[in-house]
Amino acid sequence: MSKLLVSPSPHIHSKDSTRSLMRDVVIALIPAVICSIVFCGWKELIVLLVSVASCVLLEWAITKYMLKKPSTVGDLSAVITGILLALNVPYTTPWWVIVIGSVVAIGVAKMTFGGLGQNIWNPALVGRVFLLVSFPTYMTTWSQPQGLFGADAITAATPLSAIQEGLMQGASVQEIMAKEGYNYGQMLFANLGGSAGEVCALALLAGFVYLCIRKVIKPWITLSIFATVALVSLVFWGVNPDRFTDPVFNLLSGGLILGACFMATDYVTSPMSVWGGVVFGVGIGLLTVLIRYFGSYPEGVSFAILIMNSVVPLINMGFKQKKFGRK
Amino acid sequence: MGGVHPHDNKISRECRIEPLPIAPTVYISVAQHIGAPSVPVVAVGDKVKVGQVVAEPGGFVGAFIHSSVSGTVKSIAPRADLAGRMATHIEIAVEGDEWLEGIDRSETLVTAIPEDKKAILDKIRQGGVVGLGGATFPTHVKLSPPPGSKCERVIINGCECEPYLTSDFRTLLEKGEQVVVGAAILKYVMGGVPCTIAIEENKPEAIEHIREVIARLGYEGIEVMVMKMRYPQGGEKQLIDAVMGRQVGSGALPISVGAVVQNVATALAVYDAVQKNKPIIDNSVTITGQCFPKQANLLVRVGTPLRYILDYLGGIPAEAAKIISGGPMMGRAVANLDAATVKGTGALLLLTEAQTRRAPESNCIRCGKCADACPMGLEPFLLNKLARAKDWEASEANAAQDCIECGCCLYSCPAHIPLLDNIRVAKGFVLGAIRNRAAAAKAAAEAAKASADAKK
């Protein structure tokens with residue numbers, strides 16, 4: 001020892017870093033990634049690789065050549081955005097569409113605002129919604145996955161768009177579901193989705209449980225989304241089961257689980273306090289069901305989360321934690 | 001509310017408290033407590049004995065300071081303390097170990113408490129007793145509640161929630177009887193109110209031992225309360241909340257909710273001063289750290305140079321990069337190894353660079369971990385921004401002055417933002433503004449009164 005280090009307290013730090021938290025999110029996404037590749041095949045692997053690579057490269061290039069700052073890709077948040085974007089599109093999406101999505105996600109929604117922590121909206125969702133609005137055909141039709149080495153088969157609509165189209169043609173919900181052959185066991189385990197990330201609900205939930213156990217996220221946002229979606233759709237379905245889909249169908253379809261577990265819980269774009277998170281979650285749940293039932297888009301989770309992202313600063317103002325020894 | 005759970009690293013917990021051989025020269029600071037520095041009452045060349053007063057209080061909030069050794073006063077001059085600040089020190093060259101008459105050095109436990117409360121308070125004052133939990137606030141002042149306030153419970157703080165520290169734990173195990181009698185004295189002085197000895201659950205031996213001692217000595221109204229392991233459980237406001245369910249308001253004193261809190265080492269010092277006539281001349285110091293080959297709890301005479309203590313234990317290892325006086329969360333980094341210990345020195349912790357390294361700061365990711373960790377319910381991320389914008393008014397509105405500087409926010413921040421560093425700055429400005437306002441209001445009131453008197 002030659003010199004004494006002198007600095008203010010505290011002198012130790014927890015093991016957590018932005019990178020370690022993001023690494024945990026990546027780990028939590030691995031089951032869903034594996035499932036999506038197993039069920040959708042090698043095309044999904046390409047979607048994932050293209051998405052992650054373009055997100056990471058783009059962030060690196062923007063920091064290096066435009067901002068001329070040290071690169072931030074080491075915090076792994078671009079990797080997460082890449083994986084989430086990939087899981088948010090059907091595996092049949094062409095690679096150039098995904099690249100456009102990542103440009104919007106990283107370039108527009110994230111780096112324009114100042115990078116990680118500064119963005120108002122979840123980058124992957126902004127990318128996804130951009131693609132949904134710009135390329136609706138790619139985003140709402142999918143091919144029946146044939147497993148890792150199978151060939152593409154029948155092209156079909158996602159369950160939510162199938163139901164919306166059926167309703168417009170005057171059929172009842174039960175008739176459409178019987179015709180399309182939807183059943184909940186299949187939805188929970190695999191093989192009934194639109195986007196790759198919707199193919200296995202259980203894998204997503206396993207990742208969610210991991211994040212809660214590791215204390216990376218708190219469960220309240222996700223649980224309040226689930227509870228709200230279930231309750232609101234229960235009311236509508238109870239009133240008119242011919243016109244409205246039932247709660248279980250709503251919970252299992254349309255990327256609700258992916259959105260509620262991995263995108264609504266994004267630190268940057270969600271409220272900090274527990275009760276703020278509950279309000280946020282209830283808002284997402286309510287908007288999701290209303291958009292699905294009454295909106296012109298079959299799918300509402302992405303819009304609902306982005307809308308609620310916008311009011312997070314307001315929620316944060318309304319739900320400050322109680323200060324010690326003050327009224 | 002809030003708090004963090006750092007690894008407790010109590011690697012010196014099995015080390016008995018051993019007396020450190022007396023250093024050849026000690027340097028006794030006259031500024032060892034909160035309040036006015038004491039005034040030296042010895043002159044260069046004077047012979048002093050152990051326990052002899054060498055400095056008297058410089059004001060009501062002040063403390064007597066005693067010689068911790070016998071020998072000759074060599075100099076009375078400014079010297080750098082362990083943080084590098086200058087303070088007057090009395091340098092004494094040690095000759096033998098001759099104690100002042102009247103100090104009971106025997107091990108006999110004296111349980112009979114003097115009847116006269118005033119006399120007890122005076123003994124505590126004469127013994128130079130200050131809060132040894134960190135704040136070093138003069139104990140007799142804390143035990144004299146302002147008129148209109150009433151003490152309802154005495155709390156003895158045995159949480160020792162900072163990682164690494166074990167001197168209070170060892171004191172509870174080895175001097176449990178004395179601590180309990182000290183608690184009984186404090187309880188008696190405060191009017192016989194109930195007394196709680198609060199110990200964290202990670203010290204089961206101490207909990208069991210103190211319970212046994214209370215039963216053996218037959219004290220009523222003194223109980224051990226087992227506290228959850230959490231930092232900063234031993235923070236004064238947090239402890240009162242946990243024990244009594246009452247929150248001390250912003251800027252208020254514990255007595256405002258009827259609490260008087262004293263640390264375990266202070267209770268022992270009260271026992272020594274009242275029952276044994278022994279002023280604070282030494283204190284238990286934990287010397288620890290993974291990079292330090294020898295863990296120890298030493299009984300160190302006040303004024304011993306840090307270098308002497310570390311050399312006694314084999315010197316400073318090459319990998320040690322930082323030496324901390326106190327615990328890793330709230331302790332001060334030592335800037336000067338020639339500095340001497342003071343009454344409040346409870347630990348010397350040696351950390352390697354890897355253990356204490358601060359990673360470079362990155363963007364706030366709004367995870368809210370700092371707000372979750374803050375035991376005062378503050379929003380460190382917000383206070384940090386306000387402090388960086390030098391917005392002291394908004395800092396005050398968001399209660400920067402309530403910060404207890406426990407370090408939980410900075411400890412838990414995954415983006416390694418120096419939250420507490422910035423909040424400290426804001427707190428300083430806000431407290432200054434509050435003081436200025438109070439002074440201005442007082443001056444205005446006096447001026448108004450003077451003009452009203454003139455009109456009469």
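Everything numeric in this text was worked out from a predicted model, so none of it was measured.

*Asks:* Describe the interface of chain A and chain B, naming the residues involved and giving the relevant values.
*Replies:* On the chain B side, the residues contacting the 31 residues of chain A number 51 residues. Counted by class, the side of chain A that touches chain B contains 13 nonpolar, 12 polar and 6 charged residues.

*Asks:* Pulling in residues and values, what's your account of the domain arrangement of chain A?
*Replies:* Residues and elements named next belong to chain A. Parsing chain A into structural domains produces domain 1 (19-138) and domain 2 (163-317). The gap between the C-alpha centroids of domain 1 and domain 2 is 21 Å. Across the contact, 33 residues belong to domain 1 and 29 residues belong to domain 2. Looking at the side of domain 1 that touches domain 2, the elements with two or more residues in it are helix 1 (18-40), helix 2 (42-67), helix 3 (77-87) and helix 5 (123-134). A breakdown of the residues in the side of domain 1 that touches domain 2 according to their chemical character gives 25 nonpolar, 5 polar and 3 charged.

*Asks:* Go over the packing of helix 3 (residues 167-174) of chain B against helix 7 (residues 264-276) of chain B, please, and point to the residues and values.
*Replies:* All names here are of chain B. Running from amino to carboxyl end, helix 3 crosses helix 7 at an angle of 45°, the nearest separation of the two axes being 9 Å. One element, helix 3, and the other, helix 7, form an angle in the oblique class. Side by side, helix 3 and helix 7 meet where D168, T171 and L172 of the first sit next to V264, A265 and L268 of the second. Residues that form the contact of helix 3 with helix 7 fall into these classes: 4 nonpolar, 1 polar and 1 charged.

*Asks:* Residue-level account of the domain arrangement of chain B, with values.
*Replies:* Residue and element names in this part refer to chain B. Under the domain assignment used here, chain B contains domain 1 (17-276), domain 2 (282-356) and domain 3 (369-436). Computed over C-alpha atoms, the centres of domain 1 and domain 2 are 20 Å apart. The interface of domain 1 with domain 2 comprises 34 residues on the first partner and 38 residues on the second. Elements represented by at least two residues in the side of domain 1 that touches domain 2 include exactly strand 1 (17-19), strand 2 (25-29) and helix 3. Looking at which element gives the most residues to the side of domain 1 that touches domain 2, the answer is strand 2, with 4 residues. Looking at the side of domain 1 that touches domain 2, its residues break down into 20 nonpolar, 10 polar and 4 charged.

Calculation rules
- Position labels on residues start from 1 in each chain and follow its written sequence.
- As a convention, the first chain written is A and the first ligand written is 1, with the rest following in written order.
- Selection of residues for local features in this predicted model requires a pLDDT of at least 70, selection of side-chain atom pairs for listing and counting requires 80 or more, and totals for whole chains, interfaces and linings are taken over all residues.
- Any two residues are considered in contact once their C-beta atoms, placed from the backbone, lie within 7 Å.
- For this scheme, ten residues count as nonpolar: Ala, Val, Leu, Ile, Met, Phe, Trp, Tyr, Cys and Pro. Four count as charged, namely Asp, Glu, Lys and Arg, and the remainder, Gly too, count as polar.
- As annotated, the domain borders come from an automatic or database domain assignment.
- Put simply, DSSP H or I for four residues or longer makes a helix, DSSP E for two residues or longer makes a strand, and each gets a number counted from the N terminus.
- The convention used is that axes are lines fitted to C-alpha atoms, helices contributing only their stretch in contact, and that angles between N-to-C directions extend from 0 to 180 degrees.
- We call two directions roughly parallel when the angle between them is under 35 degrees, roughly antiparallel when it is over 145, roughly perpendicular when it lies between 65 and 115, and oblique otherwise.

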